[in-house]
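Chain and residue survey
Chain by chain, the residues run as shown.
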Amino acid sequence: MADARSPSDRYRQGMATRRRVLGDAHVDRASASATPFDQPFQEMITEGAWGTVWSRPGISPRERSMITIALLAALGHDEEVAMHVRATANTGASREDITEALLHVAVYAGVPAANRAFKIAKHVFDKMDAGEAGGGSHD
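Residues numbered from 1 in each chain as written. Predicted model: local features only at pLDDT ≥ 70, side-chain atom pairs only at ≥ 80, totals over all residues. Heavy atoms only, no water.

The protein carries the name 4-carboxymuconolactone decarboxylase in an unreviewed UniProt entry, which gives Agrobacterium albertimagni AOL15 as its organism.

As for the overall build of the protein
Along its length, the protein carries seven helices and zero strands. Over its C-alpha trace the protein gives a radius of gyration of 15 Å, about what one expects of a compact globule, namely 14 Å for 139 residues. With the principal axes as the frame, the protein shows a C-alpha extent of 45 × 30 × 25 Å. In the protein, buried positions account for 40% of the 139 residues. The long-range share in the protein, meaning contacts at least 24 apart out of those at least 6 apart in sequence, stands at 70%. When the accessible surface of the protein is summed, it comes to about 7,900 Å², and 58% of that surface belongs to carbon and sulfur atoms. For the protein, the separation between the mean place of its 16 positive charges and that of its 18 negative charges on side chains is 2 Å. (Helix = DSSP H or I, 4+ residues; strand = E, 2+ residues; numbered from the N terminus. Rg over C-alpha atoms; globule rule 2.2 N^0.38 Å. Buried < 20%, exposed > 50% of the residue type's maximum accessible area, 1.4 Å probe, protein only. Contact = heavy atoms within 4.5 Å. Areas by Shrake-Rupley, 256 points an atom, 1.4 Å probe, with all protein chains shown as cover. Lys, Arg positive; Asp, Glu negative; His and termini not counted. Charge placed at Lys NZ, Arg CZ, Asp CG, Glu CD.)

Regarding the pattern of salt bridges
For the structure on display, the rule yields seven salt bridges. Across the pair Asp28 and Arg19 runs a salt bridge whose closest N-O atoms are separated by 2.8 Å. Residues participating in the shared-partner salt-bridge network are Arg19, Asp24 and Asp28. (Salt bridge = Lys/Arg side-chain N within 4 Å of Asp/Glu carboxyl O.)

Brief notes about the UniProt feature "domain: Carboxymuconolactone decarboxylase-like" (unreviewed entry) in the protein
The residues that UniProt annotates with the feature "domain: Carboxymuconolactone decarboxylase-like" (unreviewed entry) are residues 40-122. The span residues 40-122 is 83% helical and 0% strand by assignment, and the distance between its end C-alpha atoms comes to 34 Å. (UniProt positions renumbered as here; feature names shortened; annotations may be inferred.)

Considerations on the domain arrangement of the protein
Along its sequence, the protein is organised into domain 1 (9-56) and domain 2 (59-134). When each unit is reduced to the centre of its C-alpha atoms, the spacing between domain 1 and domain 2 is 20 Å. Between domain 1 and domain 2, the contact holds nine residues from the first and ten residues from the second. The three residues of domain 1 that bury the most area against domain 2 are Val21, Leu22 and Trp54, which together make up 62% of that side's buried surface. Where domain 1 touches domain 2, the interface holds zero salt bridges. Where domain 1 meets domain 2, there are three residue pairs in polar contact (both at pLDDT 80 or more). Among the elements of the structure, α1 (9-22) and α3 (39-53) are those that each provide at least two residues to the side of domain 1 that touches domain 2. (Domains from an automatic or database assignment. Buried area = accessible area lost by both parts, 1.4 Å probe. Polar contact = N/O pair within 3.5 Å; in protein donor to acceptor, adjacent residues only side chain to side chain.)

And the structure:
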């Protein structure tokens, strides 16, 4: 952020994008749980990931979802995979889109990574279908 008193334009844009993708409830929980220890991290991801990368006009939120889920699955970041699968309700990425992204993971990052991600996505979709929030991450 620009300073402790006024958020930067990139931070404000990032927070708006973060809320649009992850939902107010998730962002409110992450913000409420921030401490002086991790507040700089929260600010960095809001400005960097959400205000810079996710706010760029070059590709759609749907496409960003697919890329993000594939990368997170390939790297084994299970909580983040779940969070971003839930976010597809806001980004327009369909279940078929996620299947296609995870097939790429299988070919380029390995079958075990894709297998784990498919299990996570199925679990999240089951919870979403049942109207449950599901677990998640704090970012």
